[in-house]
Amino acid sequence: MTGAHAESQFALDADLVETRASVLIFWLLGLYPMVLLLTWAVCFYLTFIEARQQRLDAMRTLWWMLLVFFTHFLGYLALRGYAFYRRRAAV
């Protein structure tokens with residue numbers, strides 16, 4: 001490795017450590033940016049509305065709500081894909 005490449009690799013590693021440390025602060029202190037909490041709440045609300053429109057039973061609604069709670073936007077995207085599949089299969 002050349003000296004310049006080794007220095008740039010070290011700089012990338014330092015940036016990664018700094019990013020992980022800032023995420024770790026969220027976990028340890030429990031302080032989250034308002035935008036993150038707002039998007040989580042909107043996804044949670046939209047999940048409830050979608051489950052109600054799909055006429056899912058209480059257990060399935062709870063399952064989808066927990067999936068969105070734990071995975072945030074990816075869980076909501078999975079629900080939207082599931083709803084699309086169910087609507088398409090019903091036609």
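It should be noted that the structure appears before, not after, this text.
No experiment lies behind these values; they were computed from the predicted model shown. (Residues numbered from 1 in each chain as written. Predicted model: local features only at pLDDT ≥ 70, side-chain atom pairs only at ≥ 80, totals over all residues. Heavy atoms only, no water.)

### Section: the pattern of salt bridges
Here is step 1: Applying the stated rule across the entire model yields two salt bridges.
Here is step 2: Measuring nitrogen to oxygen at the nearest pair gives 2.5 Å for the salt bridge that ties Glu50 to Arg80. Taken as a pair, Glu50 in helix H2 (residues 34-53) and Arg80 in helix H4 (residues 73-90) lie far apart in primary sequence, 30 residues in all.
Here is step 3: Its relative accessible area of 4% is what places Glu50 among the buried residues.
Here is step 4: Note that Arg87 is salt-bridged to Glu50, the shortest N-O span being 2.9 Å. Taken together, the positions of Arg87 in helix H4 and Glu50 in helix H2 put the pair 37 residues apart, joining distant regions of the chain. (Salt bridge = Lys/Arg side-chain N within 4 Å of Asp/Glu carboxyl O. Helix = DSSP H or I, 4+ residues; strand = E, 2+ residues; numbered from the N terminus. Buried < 20%, exposed > 50% of the residue type's maximum accessible area, 1.4 Å probe, protein only.)

### What about the packing of aromatic side chains?
Here is step 1: Scanning all chains against the criterion turns up seven aromatic pairs.
Here is step 2: With a centroid separation of 6.5 Å and an interplanar angle of 40°, the aromatic rings of Phe73 and Tyr76 are classed as tilted. Here the residue Phe73 and the residue Tyr76 both occupy positions in helix H4, the gap between them amounting to three residues, near one helical turn.
Here is step 3: Feature note: the residues Trp40, Phe44, Phe69 and Phe70 constitute an aromatic cluster, connected by ring pairs. (Phe/Tyr/Trp six-rings, centres within 6.5 Å; stacked < 30°, edge-to-face > 60°.)

### Quick look at the environment of Trp64
Here is step 1: Its location among the elements puts Trp64 in helix H3 (residues 58-71).
Here is step 2: According to the relative accessible area criterion, Trp64 is buried, its value standing at 8%.
Here is step 3: Considered as a pair, Trp64 and Phe44 are 20 residues apart in the sequence and their alpha carbons are 9.3 Å apart.
Here is step 4: Excluding its chain neighbours within four sequence positions, the residues that come into contact with Trp64 are Thr47, Leu56, Gly75, Ala78, Leu79 and Tyr82. (Contact = heavy atoms within 4.5 Å.)

### Some details on H4
Here is step 1: In this model H4 runs 26 Å from its N-terminal to its C-terminal C-alpha over 18 residues, within 8% of the 26 Å that 1.5 Å per residue would give.
Here is step 2: Those residues of H4 not exposed but buried are Gly75, Tyr76, Leu79 and Ala83. End-on, the buried residues of H4 take up no more than an arc of 100°, which puts them together on one face. Exposed residues pointing more than 90 degrees away from the buried face of H4 are listed as Leu74, Phe84, Tyr85, Arg88 and Ala89.
Here is step 3: Where H4 is buried, its residues contact H2 and H3. (Expected span 1.5 Å × (residues − 1). Arc of directions from axis to C-beta.)

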